[in-house]
Amino acid sequence: MDFSSTYRFDTEFFDDDFTGRMSWNVFGKRILRAAARHAEERGFENIVRNGHTYLWVLSRMTIKAERMPRVMESGTITTWLSAAYRCFVERNFTINDQSGQETARVHTVWALIDATSRRPVNLSEATDDGLQSFVDSSKVISLPRPQRIDTDLMQEVGQREVCYSDLDKNGHLNSIRYIDYALDTFSLEYLKTHRPYGMEIAYCRESLWN
């Protein structure tokens, strides 16, 4: 069995932002799509066991992107599980351009939760071997693991109301919309001269549509 899978993507019209390159929103969606396809092909994207339905939710994400592809550029995303423990799996991604050069890498941590209680579930309760048979711990990327953020040191820079267009199939704010919210706090003048090249996101709690 191949531990990793590689998927082709194209940067189509309207996938770009004002710079003419793939937007961070679309980039994030490509990452989530690759994760879902990899898990579905191996039978653990949707888990139902003993009458319980379990969901994957993104807990941590670290991104380092040297550059984003331009419109009409193609590339590939390769993803694999690098660790599985208790209620969490670690998933890595490498993104290459059409010439095969690596342009970005991503490290994520996902939690398995009960769809009804919304509480974390031990992997061994939902799967026979805790997904260990799908883990390739020998393949690593030189990217630090996401760190815990001290919320007491944070400052409020704006407020946003969660709306219909923000929701995903789990009924909460889509994981990638947090990136949009963060980038929207900067001015256009600032973003014209400063290019985001990395992000570290900690998903502390679910944001719901009120």
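Residues numbered from 1 in each chain as written. Predicted model: local features only at pLDDT ≥ 70, side-chain atom pairs only at ≥ 80, totals over all residues. Heavy atoms only, no water.

## Re the environment of E66
Then step 1. With respect to the element layout, E66 can be found in the loop between β3 (52-65) and β4 (74-85).
Then step 2. It is 31 Å that separates the C-alpha atoms of E66 and Y85, two residues lying 19 residues apart in sequence.
Then step 3. Not counting residues up to four positions away in its chain, the partners in contact with E66 are T103 and R195. (Helix = DSSP H or I, 4+ residues; strand = E, 2+ residues; numbered from the N terminus. Contact = heavy atoms within 4.5 Å.)

## What to know about the side chain of D114
Then step 1. Residue placement: D114 occurs in strand β6 (residues 102-114).
Then step 2. Buried charged residue D114 carries no salt bridge. Nearest counter-charge: R118, at 7.7 Å.
Then step 3. Among the polar contacts listed, one links the side chain of D114 to the side chain of H52, at a separation of 3.0 Å.
Then step 4. Here T116 takes part through its backbone nitrogen, which lies 2.8 Å from a polar atom of the side chain of D114.
Then step 5. Residues contacting D114, with those up to four places away along its chain left out, are H52, T53, Y54, R119 and V121. (Buried < 20%, exposed > 50% of the residue type's maximum accessible area, 1.4 Å probe, protein only. Lys, Arg positive; Asp, Glu negative; His and termini not counted. Salt bridge = Lys/Arg side-chain N within 4 Å of Asp/Glu carboxyl O. Polar contact = N/O pair within 3.5 Å; in protein donor to acceptor, adjacent residues only side chain to side chain.)

## Side note on unusual backbone geometry
Then step 1. The backbone of M72 shows a phi angle near 80 degrees, a positive value even though the residue is not glycine.
Then step 2. Looking at the secondary structure, you find M72 in the loop between β3 and β4.
Then step 3. Although it is not a glycine, L131 adopts a positive phi angle of roughly 70 degrees.
Then step 4. Positionally, L131 belongs in the loop between α2 (123-126) and α3 (177-183).

## Topic: the nonpolar core
Then step 1. In this structure, F27, W56, M61, I95 and I179 are the most contacted members of the largest nonpolar core, which totals 42 residues.
Then step 2. By residue number, the principal contributor to this core is helix α1 (residues 24-41), which donates eight residues.
Then step 3. Non-local contacts of I95, meaning those with residues more than four positions away in its chain, are made with F9, F27, I31, T76, I77, Q101, E102, T103, A104, R105 and V106. (Core = buried A, V, L, I, M, F, W, Y, C linked by side-chain atoms within 4.5 Å.)

## Focus on the packing of aromatic side chains
Then step 1. Considering all chains together, one arrives at seven aromatic pairs under this definition.
Then step 2. Between F44 and F134 the ring centres are 5.0 Å apart and the planes differ by 50 degrees, which places this aromatic pair in the tilted class. Of this pair, F44 sits in the loop between α1 and β2 (47-49) while F134 sits in the loop between α2 and α3; the two residues are 90 residues apart in sequence, bridging distant segments of the chain. For the pair F44 and F134, one class covers both residues: buried. (Phe/Tyr/Trp six-rings, centres within 6.5 Å; stacked < 30°, edge-to-face > 60°.)

## Quick notes on α1
Then step 1. Taking 1.5 Å per residue as the helical rise, α1 with its 18 residues ought to reach 26 Å, and the 26 Å between its terminal C-alpha atoms agrees with that figure.
Then step 2. Within α1, burial applies to W24, N25, V26, F27, G28, R30, I31, L32, A34, A35, H38 and A39.
Then step 3. In the segment just after α1, G43 is the residue with positive phi, at about 85 degrees. (Expected span 1.5 Å × (residues − 1).)

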